[in-house]
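Residue-level structure breakdown
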Amino acid sequence: MRFAEKVATVTPAAPARRVRSLSDRTIAWLFIAPTIVLLLAINVFPLIWTVRLSFTNYRANRMNVPLRDVGLQHYNDILTSPDVWAAMQVTARFVIATILIQTVLGFALAWLVDKKFRGHGLWTTVILLPMMLSPAVVGNFWTFLYQPQIGLFNYVVSFFTGIPPSSFQMLGDLTLSPWAIVLVDTWMWTPYVMLICLAGLRSIPDYIYEAAEVDRASKWRQFWTITLPMAAPFIMLAVLFRAIENFKMFDMVNLLTGGGPGSTTEVASITLKREAFEKWRTGYSSAFAIILFVTVFGLANIYVKALNRLKQR
Amino acid sequence: MKTLTIAAGALATSLVCGAGAAHAQGKTITLCWAAWDPANALVELSKDFTAKAGVNMKFEFVPWPNFADRMLNELNSKGKLCDLIIGDSQWIGGSAENKHYVKLNDFFAKEGIKMDDFLPATVYAYSTWPKGSPNYYALPAMGDALGWTYRKDWFSRPELQAEFKQKYNRDLAPPKTWTELKQVAEFFQNRQIDGKTVYGAAIFTERGSEGITMGATAALYAWGLQYDDPKKPYAMAGFTNSKDAVEALEFYKSLYKCCTPPGYTNAYMQEGLDAFKSGQVAMQMNWFAFFPGLSKDEKVGGDKIGFFVNPAQKVEASTLGGQGISVVSYSPNQAEALAYIKWFAQPDVQKKWWSLGGYAVHKAVVEDPNFTKSAPFAADFLKAMGGVKDFWQEPAYAQLLLDMQKRVHDYVVADKGTAKEALDLLVKDWQKTFTEEGKI
């Protein structure tokens, strides 16, 4: 008798028989049940609860006030509030500006890194460093860098332009403050876009370029007819991830400007936080959160469909 | 309801009796407050309580920018972290109505603690809810108001004195009105002193918590601001946005534009202290609570610093700061916490509190003939406390405050609209809030 057969004969059969009595479907359910329970408890239940609260006057700091249904009043208030629309516009401008810049820079960096020059591994690691930092750390140290009297940023600008360092304020100026946030976000997240684009570039088989070389296609034509179309699904994926992230951007804006000066950089998530945890208008902020969720979810769905169509081509 | 009242009465009685016989050797209670200079003085003072009552003291001090968020979250979640809390005056309405604070009337009556022994303005602001009613939820703990510091050494320079006199036909001295204050600030703005560029004044412009509201109301109150019609509560149109209020807000903006250091778009207490201590500004708006520390500062304290009360314009008035000390309803150590309040209310303890750097408001301290000479800012403090005005203390104060932060910051710092538009919008915001609250 071989060793494996001996082991099989001495192994108790009872547990195996018990498992065998369950159908594959039951076993599959048993395996995924903990995850489903966790998802229901952490994601689905709070979502349903938020929807419920959005139709009430509930305030988390006034438990003793009787709960009253207010119907669609919060939704009506939000959709007709000029302040909310102003915050949505700020958010849209921020998302568009960051995505445009990060996509162009990220793709350019990926294209350069893909060239496999001497020391490209080291440079790739260096470029990736900012995205590995915590947004809280990034927000704090950029606040110091932007400080008009002692900050390094103003001195660097002054060195190249001759403008006195304390004559402009990146975080306090109405025109410059949105760009100050865009700059920090670009510094931090362009490497992420680069990484996804790099994966796209490396997925293009070499033989396509070789065939193009045989057909005497110029580098410029190769780029427009091979590189860009084949990397496009990856670029679109990077755009989707960054758009979702920046639509709900909070930490960086909160640390850098807190939404100021005035309401110049008050993105939707800052307004939401103020309503929910400073004014304690829980019902109203639940409605606002639902509107933001539906907006992101809807836009992301449309985008994903477009992405799929592009992949099929 | 009747049963609830009886139960509450029984609970209060048992607490009072418990406090009277606080056999609490070895117990520890936690006092929550903001992290600032007076808190350190309170730690020192409380050692006497531990020595006397045998109750150990733990302290939870939170930096000012997070103080309200942290503590109100604690109260709203019925947390047991704090046995005692020194909470902001504006919290009293919400904390009383939501039953976060223990009502202290029976306790005060039993222990012979009289509210008449404290400055009336502080009792009104820190202890009562509804406002002015004899329902007490706190003992006045730390009087405070918004005041000003100035560089006495710069003001006394003969060449600056001469130049100022020539320009304004009066002495370079602490300003008595806001108009004078702006002239002094303009005089110092971008001036070279000891080879360094200095600026006129550090004022409050902070957006996130309460900064710009506290700063702007210093001007608004001096122009005689009434939030609502005294004869018709919550009728704010024509009061909050009156002609004088518009003028005051325009003035505050002009002061911000002409005379603050570069990058001063989001500055509150700490930024003001930094600007003054680093010799950047000639004058600084800040709370009296910081003045003992500034007075002893190695670089700018002693003979170099002077103090003045918030300048008048149409009336004499100062923005109220300060806090009362309350017992948290959810504390399992209420007897010991009440014993602390009983001990803290004693005149001798209050005198020591003042000597350590805390702003006692017990009449035994402030009506002492030597009080005004006891510190260089004592007389101004007393004068300020005689004319303090506070922000709304309603349960919805946070919402009211954030609305004002937004409207005022939008106008003053972000150049959005006019002062009239900002105050009109503010009245609309507040009307909406009070409608939601069922007050109008």
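Residues numbered from 1 in each chain as written. Chains lettered and ligands numbered in written order. Predicted model: local features only at pLDDT ≥ 70, side-chain atom pairs only at ≥ 80, totals over all residues.

Some thoughts on the overall build of chain B
We apply this condition: Helix and strand definitions here come from DSSP, where helices need a minimum of 4 consecutive H or I residues and strands a minimum of 2 consecutive E residues; each element is numbered from the N-terminal end. As defined in this context, the radius of gyration uses C-alpha atoms, and a globule is described by 2.2 Å times the residue total to the power 0.38. To assign burial, the other C-beta atoms lying within 10 Å of each residue's own C-beta are counted, with C-beta atoms placed from the backbone; 20 or more indicates buried, 12 or fewer indicates exposed, and intermediate counts indicate partly exposed. By definition, residue pairs are in contact when their C-beta atoms, positioned from the backbone, come within 7 Å.
Along its length, chain B carries 19 helices and twelve strands. Over its C-alpha atoms chain B spans a radius of gyration of 22 Å, differing by no more than 12% from the 22 Å that the globule rule assigns to 440 residues. Residue burial in chain B is summarised as follows: out of 440 residues, 53% are buried. The long-range share in chain B, meaning contacts at least 24 apart out of those at least 6 apart in sequence, stands at 75%.

Things to note about the pairing of strand β9 (residues 305–309) of chain B
Residues and elements named next belong to chain B. Under the convention used in this document: Whether two strands pair depends on DSSP finding at least two bridges between them.
With four of five residues buried, β9 lies mostly within the body of the structure. In the sheet, strand β5 (residues 146–151) pairs with β9 via five bridges, with the strands oriented antiparallel. Among the inter-strand pairings, Tyr150 is bridged to a residue of β9, identified as Gly306.

Focus: the domain arrangement of chain A
Under the convention used in this document: In this document the domain limits rely on a domain assignment from an automatic tool or a database.
Along its sequence, chain A is organised into domain 1 (14–53) and domain 2 (73–312). The C-alpha-based centres of domain 1 of chain A and domain 2 of chain A are spaced at 37 Å.

Describing the interface of chain B and chain A
Inclusion rule: Gly is put with the polar residues, along with every residue not named as nonpolar or charged; the nonpolar set is Ala, Val, Leu, Ile, Met, Phe, Trp, Tyr, Cys and Pro, and the charged set is Asp, Glu, Lys and Arg.
Tallying the contact residues gives 19 residues for chain B and 22 residues for chain A. Those elements that provide at least two residues to the side of chain B that touches chain A are α3 (64–76) and α18 (397–412) of chain B. No other element matches the six residues that α18(B) contributes to the side of chain B that touches chain A. Each residue belonging to the side of chain B that touches chain A can be placed in one class, and the counts come to six nonpolar, eight polar and five charged.

Side note on the domain arrangement of chain B
Residues and elements named next belong to chain B. The domains assigned to chain B are domain 1 (2–144 + 322–389) and domain 2 (146–319). Taking the mean C-alpha position of each, domain 1 and domain 2 sit 30 Å from one another. Listed per partner, the contact involves 19 residues of domain 1 and 21 residues of domain 2. Elements with a contribution of two residues or more to the side of domain 1 that touches domain 2: α2 (37–53), α3, α17 (378–385) and β12 (388–389). Looking at the side of domain 1 that touches domain 2, the element that brings in the most residues is α17, giving four residues. Taken together, the residues of the side of domain 1 that touches domain 2 sort by class into twelve nonpolar, two polar and five charged.

A short note on the nonpolar core
Threshold: The term nonpolar core refers to a set of buried Ala, Val, Leu, Ile, Met, Phe, Trp, Tyr and Cys residues connected through C-beta atoms within 7 Å.
Ranked by size, the top nonpolar core spans 145 residues in total, and within it Leu84(B), Ala201(B), Ala219(B), Ala248(B) and Leu249(B) carry the most contacts. Contact partners of Ala248(B), with chain neighbours within four places excluded, come to Ala219(B), Leu220(B), Ala222(B), Trp223(B) and Leu225(B). Residues Val95(A), Trp189(A), Cys197(A) and Ala287(A) belong to the second largest nonpolar core, which totals 42 residues.

Quick look at helix α10 (residues 211–222) of chain B
Residues and elements named next belong to chain B. To keep it simple, the criterion reads: Expected span of a helix: the number of residues minus one, times 1.5 Å.
Along its twelve residues, α10 runs 17 Å from first to last C-alpha, staying within 8% of the 16 Å computed at 1.5 Å per residue. Within α10, twelve of the twelve residues are buried, which leaves it mostly tucked inside the rest of the structure. Of all the positions in α10, only Gly211, Ile212, Thr213, Met214, Gly215, Ala216, Thr217, Ala218, Ala219, Leu220, Tyr221 and Ala222 are classed as buried. Trailing α10 by a residue or two, Gly224 shows a phi angle of about 90 degrees, which is positive.

Observations concerning unusual backbone geometry
Between Gly260(A) and Pro261(A) the backbone carries a cis peptide bond, its omega angle lying at -5 degrees. Structurally, Pro261(A) is set in the loop between α12 (251–256) and α13 (268–278). That bond from Trp129(B) to Pro130(B) is cis: its omega, -5 degrees, falls within 30 degrees of zero. Here Pro130(B) shows up in the loop between α6 (120–127) and β4 (139–142). Positive phi values are uncommon outside glycine, yet Lys99(B) reaches one of about 60 degrees. Of note, Lys99(B) is situated in the loop between α4 (92–97) and α5 (105–111). You will see that Asn169(B), though not glycine, has its phi angle at about 60 degrees, which is positive. Among the secondary structure elements, Asn169(B) is positioned in the loop between α8 (158–168) and α9 (178–188).

Focus: the packing of helix α9 (residues 176–202) of chain A against helix α11 (residues 219–247) of chain A
Residues and elements named next belong to chain A. Using the following cut-off: Here, axes are lines fitted to C-alpha atoms. For helices the fit covers the stretch in contact, and angles between N-to-C directions go from 0 to 180 degrees. Here a crossing is taken to be left-handed if its near helix is turned anticlockwise relative to the far helix by less than a right angle, and right-handed if that turn runs clockwise.
Where α9 contacts α11, the axes come no closer than 8 Å and their chain directions differ by 145 degrees. Crossing of α9 over α11 shows right-handed handedness. Between α9 and α11, the contacting residues are Asp185, Trp189, Val193, Ile196, Cys197, Ala199, Gly200 and Leu201 on the first element and Thr227, Ala231, Phe234, Ile235, Leu237, Ala238, Arg242 and Asn246 on the second. When its residues are assigned to classes, the contact of α9 with α11 shows eleven nonpolar, three polar and two charged.

Topic: the environment of Ser127(B)
All names here are of chain B. Within the fold, Ser127 resides in helix α6. Of the residues examined, Ser127 has 25 C-beta atoms within 10 Å and is grouped as buried. When residues no more than four places from it in sequence are discounted, the contact partners of Ser127 are Met115, Tyr136, Tyr137, Ala138, Leu139, Pro140 and Gly324.

Quick word on the confidence of the model for chain B
Quick note on the threshold: As a per-residue measure, pLDDT reflects the predictor's confidence and takes values from 0 up to 100.
On average, residues of chain B score 92 in pLDDT, and 94% of them are at 70 or above. In the predicted structure, residues 1–23 of chain B sits below a pLDDT of 50 and forms 20 contacts with residues beyond four places in sequence or in another chain.

Regarding the environment of Trp64(B)
Residue and element names in this part refer to chain B. As for its placement among the helices and strands, Trp64 is situated in helix α3. Classification of Trp64 as partly exposed rests on a count of 18 C-beta atoms within 10 Å. As a C-alpha pair, Trp64 and Trp36 span 28 residues in sequence and 7.9 Å in three-dimensional space. Residue contacts for Trp64: discarding those within four places in its chain leaves Ala34, Trp36 and Met269.

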